[in-house]
Amino acid sequence: PRTGSHVWSLGCAAHLAEAVPPPASSRSAPRAMEPPPLPPPPLLLPPCGWQLAWRADLGKCVDASPVLACRFGGDPQRHSVTAFVGSHAGLLQALDLCSGAVLWSAQLPDRLEASCAISPRGDAVVVGCHDTRLYALCAHSGAQLWAYQAHGQIKASACCLPAPAA
């Protein structure tokens, strides 16, 4: 990755932390009629053996959660999961969840603060931008399909609903 850039990564540490003792002020001697306080629950997870799987350079920080799109084919070898994630650099990327490969990258005019939405058919990704527009991009190529001019910055996720039945 570029020096000073932010990366989004998939992975897991083997454990979070050891048990944290309670603050000193809460460790006073128990009163005569009260049972002693219980120790804090441990925060230690069993070792899972996970490690960093991949990372993607998105230029600046990522505020929103990624959105996952699962595609299933008749052959299990053709199943795929794509992660769509945007950043303050205005960069929206489609990443293969297994390999981290960038499937496509689209540069929008301003920062992205909210998660994108996937159209009901899975063919479009809709995301709001700080430039006051709502963009729809092709989920397969990242090409812009349309843009809607809103009346202010868009900081919330879009919602895609199926078209009403005719």
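Residues numbered from 1 in each chain as written. Predicted model: local features only at pLDDT ≥ 70, side-chain atom pairs only at ≥ 80, totals over all residues. Heavy atoms only, no water.

Looking only at helices and strands, the chain has zero helices and 10 strands in total. Walking the chain from its N terminus toward its C terminus, one meets helices and strands in the order β-β-β-β-β-β-β-β-β-β. Taken across its 166 residues, the chain has 31% of its residues classed as buried. Just so you have it, the chain exposes about 10,900 Å², and 59% of that area is on carbon and sulfur atoms. (Helix = DSSP H or I, 4+ residues; strand = E, 2+ residues; numbered from the N terminus. Buried < 20%, exposed > 50% of the residue type's maximum accessible area, 1.4 Å probe, protein only. Areas by Shrake-Rupley, 256 points an atom, 1.4 Å probe, with all protein chains shown as cover.)

Attention now goes to unusual backbone geometry. Positive phi, close to 75°, is recorded for Thr 132, a residue that is not glycine. Here Thr 132 lies in the loop between strand E8 (124-128) and strand E9 (133-138).

Assignment of secondary structure puts His 130 in the loop between E8 and E9. His 130 gets classed as buried once you look at its relative accessible area, which sits at 6%. Side-chain polar atoms of His 130 contact the side chain of Glu 113, separated by 3.2 Å. Within the structure, His 130 has its side chain in polar contact with the side chain of Gln 153 (distance 3.2 Å). Once you skip the residues sitting within four places of it in the chain, His 130 turns out to touch Asp 110, Arg 111, Glu 113, Gln 153, Ile 154 and Lys 155. (Polar contact = N/O pair within 3.5 Å; in protein donor to acceptor, adjacent residues only side chain to side chain. Contact = heavy atoms within 4.5 Å.)

In the predicted model, the chain carries a mean pLDDT of 78, and 68% of its residues have values of at least 70. Confidence over residues 1-7 falls short of pLDDT 50; this stretch has 16 contacts with residues more than four positions distant or in other chains. Low pLDDT (under 50) marks residues 9-24, which in the prediction has 33 contacts with non-local residues, meaning those over four places away or in another chain. (pLDDT = per-residue confidence, 0-100.)

Strand order in this open sheet of four strands is E3-E4-E5-E6, and the pairing throughout is antiparallel. Each end of this open sheet is capped by a strand with a single partner; those strands are strand E3 (67-71) and strand E6 (102-107). If you compare each strand with its neighbour and ignore which way they point, the axes differ by 15° on average. As defined by bridge partners, E3 adjoins strand E4 (residues 80-86) across five bridges and the pair is classed as antiparallel. Residue pairing for E4: Cys 70 is matched across the bridge by Val 81. (Pairing = 2+ DSSP bridges. Axes fitted to C-alpha atoms, helices over the stretch in contact; angles between N-to-C directions.)

All right, on to the environment of Gly 90 then. Mapped onto the secondary structure, Gly 90 falls in the loop between E4 and strand E5 (91-96). The class for Gly 90 is buried, based on a relative accessible area of 0%. When the C-alpha atoms of Gly 90 and Arg 111 are compared, they prove to be 4.1 Å apart, with 21 residues separating the residues in sequence. Once you skip the residues sitting within four places of it in the chain, Gly 90 turns out to touch Ala 106, Gln 107, Leu 108, Asp 110, Arg 111 and Leu 112.

Our focus in this paragraph is the sheet that holds E9. Reading across the sheet, the four strands line up as E7-E8-E9-E10 and stay open at both edges, with antiparallel pairing between neighbours. Of all the strands in the sheet, just strand E7 (117-118) and strand E10 (144-149) have a single pairing partner and so form its edges.

Next up on the list: a nonpolar patch on the surface. A cluster of nonpolar side chains, contributed by Leu 145, Trp 146 and Tyr 148, occupies part of the molecular surface with about 330 Å² of accessible area. With respect to the helices and strands, the residue Trp 146 is situated in strand E10. (Patch = residues over 30% accessible without salt bridge, like charges linked within 9 Å, V, L, I, M, F, W, Y side chains within 5 Å. Salt bridge = Lys/Arg side-chain N within 4 Å of Asp/Glu carboxyl O.)

Right, let's talk about the pairing of E4 for a bit. Within a regular strand, side chains alternate between the sheet's two faces. Judged by how many residues are buried, E4 sits mostly within the fold: five of seven residues are covered. Strand direction decides the pairing type here: E4 and E5, joined by five bridges, are antiparallel. Counterpart to Gly 86 in the pairing with E5 is Leu 92. Two successive antiparallel strands, E4 and E5, enclose a turn made up of four residues, where Gly 90 displays a positive phi of approximately 80°.

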